[in-house]
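So you can see what is in the structure, the chains are spelled out below.
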There are 2 protein chains.
Amino acid sequence: MCVAKKILFVVLDGAADRPTAATTTPLRTADTPFLDRLAREGILGIMDVIGPGTPPGSDTAHLSLLGYPVNEVYTGRGPFEAAGVGINVRPGDIAFRGNFATIKDGVVIDRRAGRIDETKSLSDAIRAQLHLDCEFLFKESTGHRAVLVLRGEDLSPRITQTDPKRLGALLQSKPIAKDASSRRTANIVNDFTRQVSLILGNHPVNLERVRTNQLPANAVLLRGVGSVPHLVPFERRTGLNAAVIAATALVIGIGKLTGMRYIPTKGATGHVDSNIDEKVKNVNKALKRHTFVLLNIKGADEAGHDGDFNAKTQFLTRVDEALSNLAIDESTLVIITADHTTPVSLKEHSGDPVPFLIRGKGVRADQTSAFNEYIAARGGMDRIYGHDMMPVLTDLLGKGVKFGA
Amino acid sequence: MCVAKKILFVVLDGAADRPTAATTTPLRTADTPFLDRLAREGILGIMDVIGPGTPPGSDTAHLSLLGYPVNEVYTGRGPFEAAGVGINVRPGDIAFRGNFATIKDGVVIDRRAGRIDETKSLSDAIRAQLHLDCEFLFKESTGHRAVLVLRGEDLSPRITQTDPKRLGALLQSKPIAKDASSRRTANIVNDFTRQVSLILGNHPVNLERVRTNQLPANAVLLRGVGSVPHLVPFERRTGLNAAVIAATALVIGIGKLTGMRYIPTKGATGHVDSNIDEKVKNVNKALKRHTFVLLNIKGADEAGHDGDFNAKTQFLTRVDEALSNLAIDESTLVIITADHTTPVSLKEHSGDPVPFLIRGKGVRADQTSAFNEYIAARGGMDRIYGHDMMPVLTDLLGKGVKFGA
């Protein structure tokens, strides 16, 4: 067998960084003997997931890495979150991410309603009592999170969000239509905000929360509006039968919307405490039935957003240990990369290139012997774009799409 | 403070080169301890200012480096020269660069009228006596140079130039309209050429020149025709409050047309004898009031055009000495690059990539320890395009424009 047959695509979410004062990064500091071995055996490079200097969102980054033309298919994050929490969205649906929040006299006083944890009965009430001028689906997600999907004719994502994104601001109860054809959608969303406040205001859960000095969840703030895109199934694009293993709704949703099989993992949380070992076990199982497995490990991104260098470093050390139990040989092409840089110095995504490595049959192994931002820049792949990654990988499988004769 | 706050963008005009027989370049030969220190502390790469193998003009190069989409905004050099010599051009104006020249029996016998130096009274005569079928502005520039701006309805830059660009050729008195809608402009320019010859032919300055055996400036050759583009102000694009320090009208004009503050420098000539120390003093002052300073140093380009390896090398040594007086620390992101390669072997711009370095907070410093075409190709930035440079820099300031969520 002269070419690899399968692909394991590992996204260490937000793992890349910028140097701190000590000229180092978590990836450079973490103890990663397994990744370093893959680096020795494989080829490295740096990658502009969207473009040089453009900070990617996690959504656009994953779409680009999977080979989708983000500029054409992406209008907002909502659709992927909605698919991720299990709503069976359809192309054309308008989807939002939502937060249960606390408002008082029209002002947002807590964007997470005191980090409320259990919202099922609140969501039940919304589903039962809400009446909108179009079909809708509403579902609670983890913690204070939820999603709203509007379905019907003449709906548009070209409206502003109701979430002011900061405390003390007025709830933008009336979203602004960005063009005349979006007025109807803006009115429906306005109706949603108004009715939800009435439904939740006197809900027993909230009365009990107020009685026990907790903030009531008496509003739902919406953001990330997007139109559900028509995505050509990943298998039709690549010939690969794909599974996704991830904890965050977003990545699960992208997997579902591209037709991947989602394999849930017990104890996978998307935080630094996630059960990565269990994920790796699932990967080993999935590789027996699938020719492509997307594994997203989220913790490093979270530590980056928290600005916690040590937590990020320790998490990456733990990731390396877990990955060392991968049951893969040269016949599986393994790619390790990040979807974006999340510098602890910025606590936000940045547009710095991310390092990547590819190991498996057919790669032109270079002289590198460690996996980090610095070594990768000296790797044999030089610098590529995120949307080039899937063509490179499928070509390594001997499935490149020839242009010309 | 975890990110740099300001940008100093240094363009060593035409400084890059190709190897001579001795496999070396002026940048490699020059004594540049300051640039080498920046290289050690920063990150290097090579850059296709326009595209691989495409020799950039100084105009398109600077526009691209500043992040403007040259393919959309650039129709010719005239508009930038005109703005640079102080004409308050408006979008839609048609502008030309001009040369005072000597013609005899309709043939160009000297494109620079014996390198005439003082043309103010000739220009005054043109302004006073010329009558065109549209509003016009004419202004002398340094030496034999001048600019012409046509203003009004139905004007077009799609005409050929009147400057034949070589001796012994007929003055192209009647420029050719490239399409029907450009005929009016061609006729106006024809009128300009005809009237200017009459106005200058018997001008006292020329009579005196002939009497003293100097070539008369009895014609104005036009080239570089372009339509003044609408350029979104640099500050609106980047959030940076910018100043430009340069000697050449072109770069000053680009600065003015993008809304930068132009800071004149005493003794800055654009030649190898330029007062670079004075420019550096001005940079140090400008960085106190501005968050972006563009410094163009022209001499190396001139030496390249002259094919003078030693002059180019000595100039770069002198540049390094002057730059070592920059009052900058890590909180100012400094970028050093060239707008294009001007090989002494070609005496013209070439399409070779140019080296660049970035030093300041947040850059992933690489292993390089000198600044030249060879070392830069091994740098941690690998290879980027000119139009990616500004997004990379603003992202390093923590002002990257995120795509996605």
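Residues numbered from 1 in each chain as written. Chains lettered and ligands numbered in written order. Predicted model: local features only at pLDDT ≥ 70, side-chain atom pairs only at ≥ 80, totals over all residues. Heavy atoms only, no water.

Caption draft 1: Fine view of the interface of chain B and chain A. Listed as interface residues are 25 residues of chain B and, on the opposing side, 36 residues of chain A. Summing both sides of the interface, chain B and chain A together bury roughly 2,300 Å²; the carbon and sulfur share of this comes to 53%. It is B:Arg364, B:Phe403 and B:Ala405 that lose the most area in chain B upon contact with chain A, and together they represent 35% of the buried surface on that side. Our count for the chain B to chain A interface comes out at two salt bridges. (Contact = heavy atoms within 4.5 Å. Buried area = accessible area lost by both parts, 1.4 Å probe. Salt bridge = Lys/Arg side-chain N within 4 Å of Asp/Glu carboxyl O.)

Caption draft 2: Highlighting the sheet that holds strand β13 (residues 383-385) of chain B. Residues and elements named next belong to chain B. Pairing in this open sheet of eight strands is mixed, and the strands run β9-β8-β10-β1-β11-β12-β2-β13 from one edge to the other. Looking along the sheet, the strands with just one partner apiece sit at the ends: β9 (261-262) and β13. With four bridges joining them, strand β8 (residues 242-245) and strand β10 (residues 292-297) adopt parallel strand pairing. Note that in β10 the partner of Val244 across the bridge is Leu294. (Pairing = 2+ DSSP bridges. Helix = DSSP H or I, 4+ residues; strand = E, 2+ residues; numbered from the N terminus.)

Caption draft 3: The sheet that holds strand β13 (residues 383-385) of chain A, seen in detail. All names here are of chain A. The mixed open sheet is built from eight strands, whose spatial order is β9-β8-β10-β1-β11-β12-β2-β13. Every interior strand has two partners, whereas the edge strands, β9 (261-262) and β13, have only one. As paired strands, strand β2 (residues 43-48) and β13 are joined by three bridges and run parallel to one another. Residue pairing in the sheet places Met47 in a bridge with Ile384 of β13. Across the sheet, helix α2 (residues 33-41) is in contact with β1 (6-12), β2, β11 (332-337) and β12 (354-359); its angle to β12 comes to roughly 65 degrees. Sheet strands touched by helix α13 (residues 309-323): β1, β10 (292-297) and β11. Its angle to β10, the strand with the most contacts, is close to 150 degrees. (Axes fitted to C-alpha atoms, helices over the stretch in contact; angles between N-to-C directions.)

Caption draft 4: A look at the side chain of A:Asp59. Positionally, A:Asp59 belongs in helix α3 (residues 58-65). This buried residue, A:Asp59, is left without a salt bridge; A:Arg77 holds the nearest opposite charge, at 4.7 Å. Within the structure, A:Asp59 has its side chain in polar contact with the side chain of A:Tyr74 (distance 2.5 Å). Excluding its chain neighbours within four sequence positions, the residues that come into contact with A:Asp59 are A:Tyr74, A:Arg77, A:Leu250, A:Ile254, B:Gly404 and B:Ala405. (Buried < 20%, exposed > 50% of the residue type's maximum accessible area, 1.4 Å probe, protein only. Lys, Arg positive; Asp, Glu negative; His and termini not counted. Polar contact = N/O pair within 3.5 Å; in protein donor to acceptor, adjacent residues only side chain to side chain.)

Caption draft 5: Structural detail: the pattern of salt bridges. All names here are of chain B. Tallied over the full model, the rule gives 44 salt bridges over all chains. Between Asp124 and Arg127 there is a salt bridge; the shortest N-O distance is 2.6 Å. Here Asp124 pairs with Arg127, and both are found in helix α6 (residues 120-129), just three residues apart, close to one helical turn.

Caption draft 6: Quick look at the relation of the copies chain B and chain A. Note on the identical chains: chain B maps onto chain A by a rotation of 124 degrees and an axial translation of 0.1 Å, with an RMSD of 0.1 Å. One copy is carried onto the other by what is essentially a three-fold rotation axis. Judged by C-alpha distance, B:Asp382 is the residue of chain B that lies nearest the rotation axis, at 3.6 Å. Here only 12% of the contact residues of chain B are again contact residues in chain A; the copies associate through non-equivalent surfaces. (Least-squares fit on C-alpha atoms with pLDDT ≥ 70 in both.)

Caption draft 7: Quick peek at the pairing of strand β12 (residues 354-359) of chain B. Residues and elements named next belong to chain B. Counting buried positions along β12 gives six out of six residues, so the element sits mostly inside the fold. The alternating pattern of β12 places Val354, Phe356 and Ile358 on one face and Pro355, Leu357 and Arg359 on the opposite face, and all of these are buried. Note that strand β2 (residues 43-48) and β12 share five bridges and pair antiparallel. Its bridge partner lying in β12, Ile43 is registered against Ile358. Bridge count between strand β11 (residues 332-337) and β12: four bridges; the pairing is antiparallel. Counterpart to Val334 in the pairing with β12 is Arg359.

Caption draft 8: Examining α13(A) more closely. Residue and element names in this part refer to chain A. With 15 residues, α13 should cover 21 Å at 1.5 Å per step; its first-to-last C-alpha distance of 21 Å lies within 8% of that length. Those residues of α13 that fall on the buried side of the exposure criterion are Phe309, Lys312, Thr313, Phe315, Leu316, Val319, Asp320, Ala322 and Leu323. The backbone nitrogen of Asn310 lies 3.3 Å from a side-chain oxygen of the residue at the head of α13, namely Asp308. (Expected span 1.5 Å × (residues − 1).)

Caption draft 9: Highlighting the packing of helix α11 (residues 276-289) of chain B against helix α13 (residues 309-323) of chain B. Residue and element names in this part refer to chain B. Following both chains from N to C, one finds α11 and α13 inclined at 35 degrees, their axes separated by 9 Å at the closest point. Here the hand of the crossing between α11 and α13 comes out right-handed. Contact residues: Ile276, Asp277 and Val280 in α11; Phe315, Arg318, Val319, Ala322 and Leu323 in α13. Looking at the contact of α11 with α13, its residues break down into six nonpolar, no polar and two charged. (Left-handed = near helix turned anticlockwise from the far one by under 90°. Nonpolar A, V, L, I, M, F, W, Y, C, P; charged D, E, K, R; others polar.)

Caption draft 10: Layout of the environment of A:Gly299. All names here are of chain A. Tracing the sequence through the fold places Gly299 in helix α12 (residues 299-305). Between the alpha carbons of Gly299 and Glu140 there is a distance of 23 Å; along the sequence they are 159 residues apart. Ignoring any residue separated from it by four or fewer positions in sequence, one finds Gly299 in contact with Gly270, His271, Val272 and Phe315.

Caption draft 11: Broad picture of the confidence of the model for chain A. Looking at chain A, the pLDDT average stands at 95 and 100% of residues meet or exceed 70. Interface predicted TM-score (ipTM) for the complex: 0.90; the corresponding pTM is 0.92. (pLDDT = per-residue confidence, 0-100.)

Caption draft 12: Focus on unusual backbone geometry. One non-glycine residue with positive phi stands out, namely A:Arg115, at about 50 degrees. The backbone of B:Ala113 shows a phi angle near 50 degrees, a positive value even though the residue is not glycine. Tracing the backbone shows B:Ala113 in the loop between β4 (107-110) and α6.

Caption draft 13: Representation of a positive patch on the surface. All names here are of chain A. Side chains of Arg261, Lys285, Lys288 and Arg289 sit close together on the surface and give a patch of like positive charge. For the positive patch, the element with the highest residue contribution is helix α11 (residues 276-289), accounting for three residues. Positionally, Lys285 belongs in helix α11. Residue Lys285 is classed as partly exposed on the basis of its relative accessible area, which comes to 49%. (Patch = residues over 30% accessible without salt bridge, like charges linked within 9 Å, V, L, I, M, F, W, Y side chains within 5 Å. Areas by Shrake-Rupley, 256 points an atom, 1.4 Å probe, with all protein chains shown as cover. Charge placed at Lys NZ, Arg CZ, Asp CG, Glu CD.)

Caption draft 14: Region of interest: the packing of aromatic side chains. Residues and elements named next belong to chain A. Counted by the stated rule, this structure contains eleven aromatic pairs over all chains. Ring geometry for Phe138 against Phe192: centres 6.1 Å apart, planes inclined by 40 degrees, an arrangement best described as tilted. Residue Phe138 is found in strand β5 (residues 135-140), and its partner Phe192 is found in helix α7 (residues 183-201); the two are separated by 54 residues along the sequence. Like Phe138, the residue Phe192 is buried in the burial classification. Members of the aromatic cluster, each reached through a chain of ring pairs, are Phe9, Phe234 and Phe292. (Phe/Tyr/Trp six-rings, centres within 6.5 Å; stacked < 30°, edge-to-face > 60°.)

Caption draft 15: Examining the side chain of A:Asn206 more closely. Residues and elements named next belong to chain A. Along the chain, the position of Asn206 falls in helix α8 (residues 204-211). Residue classification places Asn206 among the buried positions, given a relative accessible area of 1%. Residues within four places of Asn206 in sequence aside, it is in contact with Leu122, Leu200, Gly201, Pro216, Ala217 and Asn218.

Caption draft 16: Up close: the environment of A:Val85. Structurally, A:Val85 can be placed in the loop between α5 (78-84) and β3 (94-104). With residues near it in sequence (within four places) discarded, A:Val85 still touches A:Lys139, A:Ser141, A:Val147 and A:Ala249.

Caption draft 17: Structural detail: the nonpolar core. Core analysis: the biggest nonpolar cluster contains 95 residues, and A:Phe9, A:Phe292, A:Leu323, A:Ile336 and A:Ile358 have the highest contact counts within it. With sequence-adjacent residues up to four places away left out, A:Ile358 is seen in contact with A:Gly42, A:Ile43, A:Leu333, A:Val334, A:Ile335, A:Val363, A:Met381, A:Met389, A:Val392, A:Leu393 and A:Leu396. Counting 93 residues, the second largest nonpolar core, distinct from the first, contains B:Leu231, B:Val244, B:Leu295 and B:Leu393. (Core = buried A, V, L, I, M, F, W, Y, C linked by side-chain atoms within 4.5 Å.)

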